[in-house]
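Secondary and tertiary structure notes
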Amino acid sequence: MIVEHFKNQDPVPVYQRFRDHGRLAPQGLEYLSSWVDEKLHLCFQLMETDHPEYLDDWLTKWKDLVEFEVYPVISSKEAAEKVASLL
């Protein structure tokens, strides 16, 4: 899970680059879904890869416009399976 903080709380440069160049994700980094807060300051983006270096490459292409928080996540089903042995 990627939390994107648009620099200066300005989404326009991000959307301009996306319009002009696409997501800029390397092959092997899959976009799954995203949500943007109503103030257009934050984007919550779910990406998937088996290669963390692909994510690093993608972040580098956007870091001039966005500050990132990266959270490795698992599905709720996977979490329940992990917790089941503790119950």
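Fair warning: this is a prediction, and the values are worked out from it, not measured in the lab.

**Some remarks on the side chain of Gln45**
Summarising the element assignment, Gln45 is placed in strand β3 (residues 42–48). Assessed through its relative accessible area of 4%, Gln45 is described here as buried. Side chain to side chain, Gln45 and Glu4 meet in a polar contact 2.4 Å long. In this view, Gln45 contacts Met1, Ile2, Glu4, Arg23, Tyr31, Ser33, Ser34 and Trp58; residues no more than four positions away in its chain are not counted.

**Regarding the environment of Glu69**
Along the chain, the position of Glu69 falls in strand β4 (residues 66–70). Along the sequence, Glu69 and Ser33 sit 36 residues apart, while their C-alpha atoms lie 16 Å from each other. When near neighbours in sequence (up to four residues on either side) are disregarded, Glu69 contacts Met1, Ile2, Val3 and His5. A distance of 2.3 Å separates a polar atom in the side chain of Glu69 from a polar atom in the side chain of Tyr71.

**A look at the nonpolar core**
One finds Ile2, Phe6, Val14, Leu29, Cys43, Met47, Leu55, Trp58, Leu59, Trp62, Leu65 and Val66 forming the largest nonpolar core, which totals twelve residues. Elements with a contribution of two residues or more to this core: β1 (2–6), β3 and α2 (52–62). Contacts of Phe6, omitting those with residues within four sequence positions, involve Pro11, Val14, Tyr15, Leu40, His41, Leu42, Cys43, Leu65 and Val66.

**Points about the side chain of Arg17**
Among the structural elements, Arg17 can be located in helix α1 (residues 12–21). By relative accessible area, Arg17 is classed as buried at 19%. Within the structure, Arg17 has its side chain in polar contact with the side chain of Asp64 (distance 2.7 Å). For Arg17, the residues in contact, after removing those within four places along its chain, are Gly22, Leu24, Lys61, Trp62, Asp64 and Leu65.

Cut-off values and rules
Residues numbered from 1 in each chain as written. Predicted model: local features only at pLDDT ≥ 70, side-chain atom pairs only at ≥ 80, totals over all residues. Heavy atoms only, no water. Helix = DSSP H or I, 4+ residues; strand = E, 2+ residues; numbered from the N terminus. Buried < 20%, exposed > 50% of the residue type's maximum accessible area, 1.4 Å probe, protein only. Polar contact = N/O pair within 3.5 Å; in protein donor to acceptor, adjacent residues only side chain to side chain. Contact = heavy atoms within 4.5 Å. Core = buried A, V, L, I, M, F, W, Y, C linked by side-chain atoms within 4.5 Å.

Limitation: the analysis is restricted to geometry and does not speak to function.
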